[in-house]
Amino acid sequence: MTSQDKGGGRDEPGPQEDELALYARAYRGVLGAEELFARFQAHLGHARRIEAAPECYDGLQGLSGRQIAQGARMAARRMAILLAEIPTEDRAVLMLKVSVFEALIRVPHEVVRSNAAIMAEAAMQADGERAGVVLIPLDRPVGPTH
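Residues numbered from 1 in each chain as written. Predicted model: local features only at pLDDT ≥ 70, side-chain atom pairs only at ≥ 80, totals over all residues. Heavy atoms only, no water.

A. Seen up close, the nonpolar core. Among the nonpolar cores identified, the biggest contains 24 residues, and Phe40, Leu83, Val100 and Leu104 are the most heavily contacted of them. Breaking this core down by element, the ones donating at least two residues are helix H2 (33-52), helix H3 (65-85), helix H4 (91-106) and helix H6 (116-131). Residue contacts for Leu104: discarding those within four places in its chain leaves Phe40, Ala80, Glu110, Ala116 and Ala117. (Core = buried A, V, L, I, M, F, W, Y, C linked by side-chain atoms within 4.5 Å. Buried < 20%, exposed > 50% of the residue type's maximum accessible area, 1.4 Å probe, protein only. Helix = DSSP H or I, 4+ residues; strand = E, 2+ residues; numbered from the N terminus. Contact = heavy atoms within 4.5 Å.)

B. Focus on the packing of H2 against H3. Their axes nearest at 8 Å, the elements H2 and H3 cross at an angle of 160°. Here H2 is positioned roughly antiparallel relative to H3, judged by the angle of their axes. The hand of the H2/H3 crossing is left-handed. The residues of H3 that touch H2, namely those facing Ala33, Leu36, Phe37, Arg39, Phe40, His43, Leu44, His46, Ala47, Ile50 and Glu51, are Gly65, Ile68, Ala69, Ala72, Arg73, Ala75, Ala76, Met79, Ala80, Leu82 and Leu83. In the contact of H2 with H3, the residues fall into 16 nonpolar, three polar and three charged. (Axes fitted to C-alpha atoms, helices over the stretch in contact; angles between N-to-C directions. Parallel < 35°, antiparallel > 145°, perpendicular 65-115°, else oblique. Left-handed = near helix turned anticlockwise from the far one by under 90°. Nonpolar A, V, L, I, M, F, W, Y, C, P; charged D, E, K, R; others polar.)

C. Just the pattern of salt bridges, in detail. Scanning all chains against the criterion turns up six salt bridges. Residue Glu35 pairs with Arg39 through a salt bridge whose shortest N-O separation is 2.7 Å. Taken together, the residues Glu35 and Arg39, both in helix H2 and four residues apart, mark about one turn of the helix. Classification of Arg39 by relative accessible area gives partly exposed; the value is 36%. For the salt bridge of Asp127 with Arg130, the shortest nitrogen-to-oxygen distance reads 2.4 Å. Of the two residues, Asp127 and Arg130 are both situated in helix H6; the distance of three residues between them amounts to about one turn of the helix. Given the relative accessible area of 2%, Asp127 is considered buried. Among the charged side chains, a network of salt bridges with common partners joins Arg77, Glu110 and Arg113. (Salt bridge = Lys/Arg side-chain N within 4 Å of Asp/Glu carboxyl O.)

D. Structural context of unusual backbone geometry. The backbone of Gln61 shows a phi angle near 60°, a positive value even though the residue is not glycine. Tracing the backbone shows Gln61 in the loop between H2 and H3. Positive phi is not limited to glycine here, since His109 has a value of about 65°. Within the fold, His109 resides in the loop between H4 and helix H5 (110-113).

This is how it looks when you write it as structure tokens:
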């Protein structure tokens, strides 16, 4: 909600307590590239294991096994996006980003479900330019099937 100040202008409200707490957690929770990649791999691995036997997870948290697997994929995507966000010239970090991109495009229908792979690809291309590395797609299908 906005209010009008004495000069007739609008005064935007400041952040609420819960928003300030979110910002503090975000600042304190900054992870390095290696930790983000490790979490990405763990979440993606969990999604695969849950999908392999969804009946073992039915009813947990009030969701079906398939829903829980999708939640694990969503967690993996968040780690991928956080990793993509960090600009770098470090070739080791660039390799992690390439690995994330390659893992995401191997997931059936991933590009239809999310833009995480596209964002990871854009980040790795930008970082490749920063690092003076030319990234060339090899054996990569084109179009909406990748």
